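If you want the building blocks of each chain, they are given just below.
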Amino acid sequence: MAGGGFVSQGEVKQYGGKVTMFVVVACVVAATGGLIFGYDIGISGGVTSMDAFLERFFPSVYARMKESSEHQNQYCKFDSQLLTTFTSSLYIAGLIASFFASASTRLFGRKVSMLFGGATFLLGAAINGAATNVAMLIIGRLLLGVGVGFANQSVPVYLSEMAPAKLRGALNIGFQLAITIGIFAANLVNYGTSKISAGYGWRVSLALAAVPAIIMTTGAMGLPDTPNSLLERGQTEKARSMLKKVRGSDNVDDEFQDLVDASESSKQVQHPWKNILERKYRPQLIMAIAIPFFQQLTGINVIMFYAPVLFKTLGFGDDASLMSAVISGLVNLVATFVSIFTVDRYGRRFLFIQGGIQMTICQVAIGIILGQKFGIAGTGSLTKASADWVLVLVCGYVAAFAWSWGPLGWLVPSEIFPLEIRSAGQSLTVSVNLLFTFFIAQAFLPALCYLKFGLFFFFAGFVVIMTTFIFFFLPETKNVPIEEMGLVWKKHWFWGKFVPSEGYVAMTDRKTGA
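Residues numbered from 1 in each chain as written. Predicted model: local features only at pLDDT ≥ 70, side-chain atom pairs only at ≥ 80, totals over all residues. Heavy atoms only, no water.

Enumeration over the complete set of coordinates arrives at 8 salt bridges. The shortest N-O distance in the salt bridge between Arg247 and Glu255 comes to 3.0 Å. On the basis of relative accessibility, which here comes to 9%, the residue Glu255 falls in the buried class. The salt bridge partner of Asp344 is Arg348, with a shortest N-O separation of 3.1 Å. Accessibility classification places Asp344 together with Arg348 in one group, the buried group. Here the residues in one salt-bridge network are Arg110, Glu161, Glu232 and Arg422, joined through shared partners. (Salt bridge = Lys/Arg side-chain N within 4 Å of Asp/Glu carboxyl O. Buried < 20%, exposed > 50% of the residue type's maximum accessible area, 1.4 Å probe, protein only.)

Laid out in structure tokens, this is it:
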């Protein structure tokens, strides 16, 4: 295949060009935006399980932890709305920030949003590390949330626009890989800082959030803007030059023309938040809501936020609970590579469905073990053998999420929107994700207290529902150029009725030269 031409794959264009080191480096640097999200997810659960932190800021929880556990309900040790507010406040701030991030990403480019997100996260880390009261903790968490909202809005879009279609899945999953690296690093930091006998280890854990923020901010300074973003802001020649550099070829006329057409179409859209509600965008709108909603209802953040708290609740000692979180974080990191190496070969649907089946099996098994050992009253205990089985099952569940719903929950929504509503669509995805992350974070400890082992059956039921949804309603998007994605929806048995035939015909005629 020569230069920048294309070959037909069914009815979808396949552009040429090379996979250049320039685009790989740019995507790797951009993906580090996931570090701040991952570090925060991993750090909060470990900090809230540290005695010194609880004694200083949440004395009532600390007092319950020190009570005799012989007749104590093990599921309710950490049930405190103030404690969960510390964790969940970040996500409500991120939800609100994502709406502002949508406008800035469209008006000023993806790079500016990344820079602002990193700088705000850095400020939040400084305030949390220096906190002397709960109010400072919450203010710091709110600033962290603003940073996460901007990063989660801009980074997946940047990666989808910069990457060539045949590697878009693998490069976009770099964002999820960075999240898992952040989680694992946070777990290691918590394990190390918990050994600080002076009792300020929690400060070190919270303040070190500045490290991923600095990495993201300095990395974003050197990033080029995407051709799509340059066109969106009227810089046509810069966009053509950037596309040539990204594809490693001077023959990019076909792809560039498609980008120009998409850009011209997007300029006719004055109100993307209104237009996203139009019937022709119904498939993308539903996916932008359903996928992040289901991603959170897998229950993954029960494990990632509160892994040390959960393991401590289940009878693991202080060190054992933190080490168990390290183990599950390592599994999460390693399993993400499975997705990187398979997503563009086997496709999105296969990984979604296989991961859903494995997660269901693991969650049901965990619920059965806890039900047998703790009972309804929650006053029992785990034997070493049963505790080991719980850890193995948690790791099996985390692995399945890490190569399916984790990365694909960000990849698929970021690649399905046409340019004219892309920033609004990504903002909606981030908002739904953060909204339900907030609900899960706020509700988990009370739910664990009242639903007990039944909580794992609750999440398993949702995994069954969402896996069924993917089987019937998500078309395969692997290797499809991002500007040709409309054809995929047109050919789907259900969504085809929403996509106007005239648009489909026009695109087909232009592609075949008719």
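Once you've had a look at it, read on.
Below, the discussion takes up helix H7 (residues 134-162). The end-to-end C-alpha separation of H7 is 42 Å, in line with the 42 Å expected for 29 residues at 1.5 Å each. The N-cap of H7, judged by a side-chain oxygen 3.2 Å from the amide nitrogen of Ala135 a few residues on, is Asn133. (Helix = DSSP H or I, 4+ residues; strand = E, 2+ residues; numbered from the N terminus. Expected span 1.5 Å × (residues − 1). Polar contact = N/O pair within 3.5 Å; in protein donor to acceptor, adjacent residues only side chain to side chain.)

Time to look at the nonpolar core. In terms of nonpolar packing, the biggest core is built from 75 residues, with Phe53, Phe58 and Met114 touching the most fellow members. Non-local contacts of Phe58, meaning those with residues more than four positions away in its chain, are made with Phe53, Leu82, Leu83 and Phe86. Core analysis: the next-biggest nonpolar cluster, separate from the first, contains 62 residues, Ile276, Leu285, Ile340 and Met466 among them. (Core = buried A, V, L, I, M, F, W, Y, C linked by side-chain atoms within 4.5 Å. Contact = heavy atoms within 4.5 Å.)

All right, on to the side chain of Gln153 then. Among the structural elements, Gln153 can be located in helix H7. Note on Gln153: relative accessible area 0%, which makes it buried. At 2.9 Å, the side chain of Gln153 forms a polar contact with the backbone nitrogen of Ser427. Ignoring sequence-local partners within four residues, the contact set of Gln153 consists of Ser98, Ala101, Ser102, Thr105, Ser423, Gln426, Ser427 and Val430.

This structure, assessed with the given rule, holds 32 aromatic pairs. When the ring centre of Phe86 is taken as origin, the NZ or CZ atom of Arg141, which lies over that ring, is 5.0 Å away. The ring centre of Phe471 lies 5.7 Å from the NZ or CZ of Arg349, which sits over that ring. (Phe/Tyr/Trp six-rings, centres within 6.5 Å; stacked < 30°, edge-to-face > 60°. Lys NZ or Arg CZ within 6 Å of the ring centre and 35° of its normal.)

Not every positive phi belongs to a glycine, and Asn479 is a case in point at roughly 65 degrees. In this fold, Asn479 is placed in the loop between helix H22 (454-473) and helix H23 (486-490). By relative accessible area, which is 14% here, Asn479 ends up buried.

Here the structure, examined in full by the defined rule, presents 3 cavities of 30 Å³ or more. When its volume is computed, the largest cavity comes out at roughly 150 Å³. Together, 15 residues line the largest cavity, and Ile41, Gln176, Ile179, Asn301 and Phe401 are the ones closest to its centre. Elements with a contribution of two residues or more to the lining of the largest cavity: helix H2 (34-47), helix H8 (168-193), helix H15 (282-297), helix H16 (300-313) and helix H20 (405-416). Taken together, the residues of the lining of the largest cavity break down into 8 nonpolar, 7 polar and no charged. Here the second largest cavity is characterised by a volume of approximately 70 Å³. Elements with a contribution of two residues or more to the lining of the second largest cavity: H16, helix H18 (348-374) and H22. Broken down by element, the lining of the second largest cavity gets its largest block of residues, 3 residues, from H22. Taken together, the residues of the lining of the second largest cavity break down into 8 nonpolar, 2 polar and no charged. (1 Å grid on protein atoms, 1.4 Å probe; cavity = no way out; pocket = protein on both sides within 12 Å on 5 of 7 lines; lining within 4 Å. Points joined across faces, edges and corners; volume = space filled by probe spheres on them. Nonpolar A, V, L, I, M, F, W, Y, C, P; charged D, E, K, R; others polar.)

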